[in-house]
Amino acid sequence: MKLFPAIVTLHLLGGLGLLMLLAWQGQGYQPKPLALSPALRLGSWALAVLALLQVALGGWVSTNYAVLACSDFPTCQGSWWPTMDFEHGFAIWRELGVGRDGDWLPFAALTAIHVTHRLGALLVFAAIGLLAWGLLRSGSDEARRWAWRLLAVALWQFVSGMSNVVLDWPLLAALAHTGGAAALMVILSFMLARIEQGRTLVQRPAVAEALARA
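This section reports on the structure supplied with the text. (Residues numbered from 1 in each chain as written. Predicted model: local features only at pLDDT ≥ 70, side-chain atom pairs only at ≥ 80, totals over all residues. Heavy atoms only, no water.)

**As for helix H2 (residues 38-63)**
Part 1 of the reasoning: Here H2 contains 26 residues, and its C-alpha end-to-end distance of 38 Å stays within 8% of the 38 Å for a straight helix at 1.5 Å per residue.
Part 2 of the reasoning: Positive phi shows up at Tyr-65, right after H2, with a value of about 55°. (Helix = DSSP H or I, 4+ residues; strand = E, 2+ residues; numbered from the N terminus. Expected span 1.5 Å × (residues − 1).)

See the structure below:
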């Protein structure tokens, strides 16, 4: 099927899913529970869902070569809201470079894909900032360390993503951005696994006491 965008994107997500499962499984061999409030626990799961959706959007950008639709930042094509074609851009089952009607994919469709990924990034960065703020205020040194890890990878993603745009998609920046996405999902997998361990210990005090004595 050649470089069929949906297939290539699913292949990326499948590899990332395997990486996340391995990261989660690895936390089970040496439990390090992270006890958080219900609000922070829910916020962590919500961030993971948002981040995964954003990674899927990033894969859609890459597989459609839509990063080249905008060569400036923070605007795109010199406009805050350029001409966009969401109908063709997000027609999932189609060949590379082809719209849903079988004709060539309009440039406005690539612009729609690119701008949507930027908007998703804003949402994810806001979610990371909000969760990190809550973790820093939680009073737990371990929670603070996770907050700084999330902020560090968010900064990495911002710099590498912006470099892809303004430097015309160099290979090194593209690899750095993909690697940063994988790092974010691994960090979230580690963190969520420990949060779930912490919730189990809160529900089962006897287990917590046994681990403390060990």
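Anyway, onward from the coordinates.
**Brief notes about the packing of aromatic side chains**
Part 1 of the reasoning: As enumerated under the stated definition, the model contains six aromatic pairs in all.
Part 2 of the reasoning: Geometrically, the ring pair formed by Phe-125 and Phe-158 is edge-to-face, given 6.4 Å between the ring centres and 70° between the ring planes. On the criterion of sequence distance, the pair formed by Phe-125 in helix H4 (residues 107-136) and Phe-158 in helix H5 (residues 141-166) is long-range, its members being 33 residues apart.
Part 3 of the reasoning: Note on Phe-158: relative accessible area 35%, which makes it partly exposed. (Phe/Tyr/Trp six-rings, centres within 6.5 Å; stacked < 30°, edge-to-face > 60°. Buried < 20%, exposed > 50% of the residue type's maximum accessible area, 1.4 Å probe, protein only.)

**Quick look at the layout of surface pockets**
Once rolled over the atoms, a probe with the size of a water molecule shows which space is left empty.
Part 1 of the reasoning: Computed from the structure, the largest pocket encloses a volume of approximately 1100 Å³.
Part 2 of the reasoning: As for the largest pocket, its lining consists of 46 residues, and the residues nearest its centre are Gln-54, His-117, Ala-121, Gly-161 and His-177.
Part 3 of the reasoning: Counting only elements with at least two residues in the lining of the largest pocket, the list comes to helix H1 (5-26), H2, H4, H5 and helix H6 (171-203).
Part 4 of the reasoning: The leading source of residues in the lining of the largest pocket is H4, at 10 residues.
Part 5 of the reasoning: Residues belonging to the lining of the largest pocket are distributed by class as follows: 30 nonpolar, 15 polar and one charged.
Part 6 of the reasoning: Reported here for the second largest pocket is a volume of approximately 160 Å³.
Part 7 of the reasoning: Forming the walls of the second largest pocket are Gly-17, Met-20, Leu-21, Trp-24, Trp-45, Ala-48, Val-49, Leu-52, Met-185, Leu-188, Ser-189 and Leu-192.
Part 8 of the reasoning: Residue composition of the lining of the second largest pocket, by class: 10 nonpolar, two polar and no charged. (1 Å grid on protein atoms, 1.4 Å probe; cavity = no way out; pocket = protein on both sides within 12 Å on 5 of 7 lines; lining within 4 Å. Points joined across faces, edges and corners; volume = space filled by probe spheres on them. Nonpolar A, V, L, I, M, F, W, Y, C, P; charged D, E, K, R; others polar.)

**Some words on the side chain of Ser-44**
Part 1 of the reasoning: Relative to the assigned elements, Ser-44 resides in helix H2.
Part 2 of the reasoning: Given the relative accessible area of 1%, Ser-44 is considered buried.
Part 3 of the reasoning: Dropping the residues within four chain positions of it, Ser-44 is found in contact with Leu-36, Leu-131, Met-191, Leu-192 and Ile-195. (Contact = heavy atoms within 4.5 Å.)

**Focus on the packing of H2 against H4**
Part 1 of the reasoning: Axis separation between H2 and H4 bottoms out at 9 Å; the angle between their running directions is 160°. With respect to H4, the axis of H2 lies roughly antiparallel. Along this stretch, H2 crosses H4, giving a crossing that reads as left-handed.
Part 2 of the reasoning: Of the residues that constitute the contact of H2 with H4, the class distribution is 15 nonpolar, nine polar and no charged. (Axes fitted to C-alpha atoms, helices over the stretch in contact; angles between N-to-C directions. Parallel < 35°, antiparallel > 145°, perpendicular 65-115°, else oblique. Left-handed = near helix turned anticlockwise from the far one by under 90°.)

**Here's the deal with the environment of Ala-193**
Part 1 of the reasoning: With respect to the helices and strands, Ala-193 occurs in helix H6.
Part 2 of the reasoning: Note on Ala-193: relative accessible area 3%, which makes it buried.
Part 3 of the reasoning: Spatially, the C-alpha atom of Ala-193 lies 8.3 Å from that of Gln-25, the residues being 168 residues apart in sequence.
Part 4 of the reasoning: In this view, Ala-193 contacts Trp-24 and Gln-27; residues no more than four positions away in its chain are not counted.

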